[in-house]
Amino acid sequence: MATHYQTLGVGRGATAGEVRQAYLHRARALHPDRAAAQGETATPRAMQDVNEAWRVLGDPVRRAAYDRSLDVAAAPMGGPRDADDVDRPYVGRQAVPGDVGLSFVRGLPWIVALLVLGIIFVFTAFAGGSGDGDERVRPSDLVGGCVQVQRGADVVAVPCTEPNEGRVDLVVHRSSRCPSDSSATPMAADGVWLCLRDANAP
């Protein structure tokens, strides 16, 4: 298979101007109108080859990459390569079974993932509580005891000797069910109302 240089009829050392002139000369020679006037037949494939050669060799970056590919193709397998060859494989100590450093590097993503999951677990375990150490109680367990309304309308049981909102007389589903001599306090988390009386009342 002909190289792009052979297609245009120039050597590898040709300047950019010489490559351009060679392309124009070959393109004119292969143009269908000119070939027909001279009684020759120009194949579309030949013109495609010329255009591709110009596309590669007319651009300095593509030409440099093409030249490197020609050098690699011409080098014998396993033979010496140029020092500036960017495709030369890295030669270093190969890993052996039991290489702790390599095992650590390979396992690092798993270690990080497990660490993140552990942090999330610990955070969610402690974030669910109120932060005061108070345990949620069932509304029915509050009947007969005194309660205190805390931030966010949380209702907690407290001793009747401490400051409180009152003694729980009843637990109802509507505030209108509380007796007239008691006050209704919502227990929003459970959707019920506590009917409270004065803790000092008989």
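See the structure above.
About the cut-offs
- In every chain, residue numbers begin from 1 and rise along the written sequence.
- Local features in a predicted model are, by the rule used here, given only for residues with pLDDT of at least 70; side-chain atom pairs are given and counted only at 80 or more, and totals for whole chains, interfaces and linings are based on all residues.
- Here the side-chain values reflect all heavy atoms present in the structure, with hydrogen atoms and water set aside.
- When DSSP locates at least two bridges between a pair of strands, those strands are taken to pair.
- Under the DSSP-based scheme used, a helix requires at least four consecutive residues in state H or I and a strand at least two consecutive residues in state E, with every element numbered from the N terminus.
- A side-chain nitrogen of Lys or Arg and a carboxyl oxygen of Asp or Glu constitute a salt bridge if their distance falls within 4 Å.
- Type-normalised accessible area, obtained with a 1.4 Å probe on protein chains alone, sets the label of each residue: buried when under 20%, exposed when over 50%, and partly exposed for intermediate values.
- Here an angle of 0 to 180 degrees is reported between the N-to-C directions of two axes, which are lines fitted to C-alpha atoms, with helices fitted over the stretch in contact.
- For classification, angles of less than 35 degrees are called roughly parallel, those exceeding 145 degrees roughly antiparallel, those between 65 and 115 degrees roughly perpendicular, and all remaining angles oblique.
- Whether two residues are in contact is decided by their heavy atoms, any of which lying within 4.5 Å being enough.
- Lys, Arg, Asp and Glu make up the charged group, whereas Ala, Val, Leu, Ile, Met, Phe, Trp, Tyr, Cys and Pro make up the nonpolar group; the residues left over, Gly among them, are polar.
- The disulfide definition used here is simple: a pair of cysteine sulfur atoms within 2.5 Å.
- Nine residue types can take part in a nonpolar core, namely buried Ala, Val, Leu, Ile, Met, Phe, Trp, Tyr and Cys, and a core is a set of them joined through side-chain atoms within 4.5 Å.

Peer 1: So what about the pairing of strand β3 (residues 166-172)? Which residues, and what values?
Peer 2: Two faces make up the sheet, and in a regular strand the side chains alternate between them. The pairing of strand β1 (residues 146-150) with β3 spans 2 bridges and is antiparallel. Bridge pairing in β3 places Val147 opposite Gly166. As paired elements, β3 and strand β5 (residues 192-197) share 5 bridges and run antiparallel to each other. Bridging across to β5, Val171 finds its partner in Leu194.

Peer 1: Give a detailed account of the pattern of salt bridges, specifying residues and quantitative values.
Peer 2: Applying the stated criterion to the full structure yields 6 salt bridges. Between Asp169 and Arg197 there is a salt bridge, with the nearest N and O atoms lying 2.7 Å from each other. Of this pair, Asp169 sits in strand β3 while Arg197 sits in strand β5, and the two are 28 residues apart along the sequence. Residue Asp169 is classed as partly exposed on the basis of its relative accessible area of 28%. On the accessibility criterion, Arg197 (28% relative accessible area) is partly exposed.

Peer 1: Which residues make up the packing of helix α4 (residues 44-57) against helix α5 (residues 60-74), and what values go with them?
Peer 2: The axes of two packed helices give the description: the angle between them and the distance between them. For the pair α4 and α5, the least separation of the axes is 6 Å and the interaxial angle reads 100°. For the element pair α4 / α5, the angle class is roughly perpendicular. Packed against α4, whose contacting residues are Arg55, Val56 and Leu57, the element α5 presents Arg62, Arg63 and Tyr66 at the interface. Residues of the contact of α4 with α5, tallied by class, amount to 3 nonpolar, no polar and 3 charged.

Peer 1: Kindly report on the state of the cysteines, identifying the contributing residues and their values.
Peer 2: Under the criterion given, the structure shown has 2 disulfides. Residue pairing for Cys146: its cysteine sulfur links by disulfide to Cys160, the two sulfurs lying 1.9 Å apart. On the S-S bond that ties Cys146 to Cys160, the torsion sits near 100°, and the link is right-handed. Residue Cys146 is found in strand β1, and its partner Cys160 is found in the loop between β2 (154-158) and β3; the two are separated by 14 residues along the sequence. For Cys160, a relative accessible area of 30% puts it in the partly exposed group. The disulfide bridge from Cys178 ends at Cys195, spanning 1.9 Å between sulfur atoms. Here the S-S torsion is close to -85°, and the disulfide linking Cys178 with Cys195 is therefore left-handed. Here the residue Cys178 occupies a position in the loop between β3 and β4 (183-187), and Cys195 occupies one in strand β5, the gap between them amounting to 17 residues.

Peer 1: Mind laying out the nonpolar core, listing which residues take part and the relevant values?
Peer 2: With 14 residues, the main nonpolar core has Leu8, Val10, Val19 and Leu57 as its most contacted residues. Elements supplying a minimum of two residues to this core: α1 (4-8), α2 (16-30) and α4. Examining the composition of this core, we find that 5 residues originate from one element, α2, more than from any other. Sequence-distant contacts of Leu57, that is, excluding residues within four places in its chain, are made with His4, Tyr5, Leu8, Val19, Arg63 and Tyr66. With 8 residues, the next largest nonpolar core counts Val147, Val155, Val168 and Val192 among its residues.

Function cannot be inferred from these measures alone, as they are strictly geometric.
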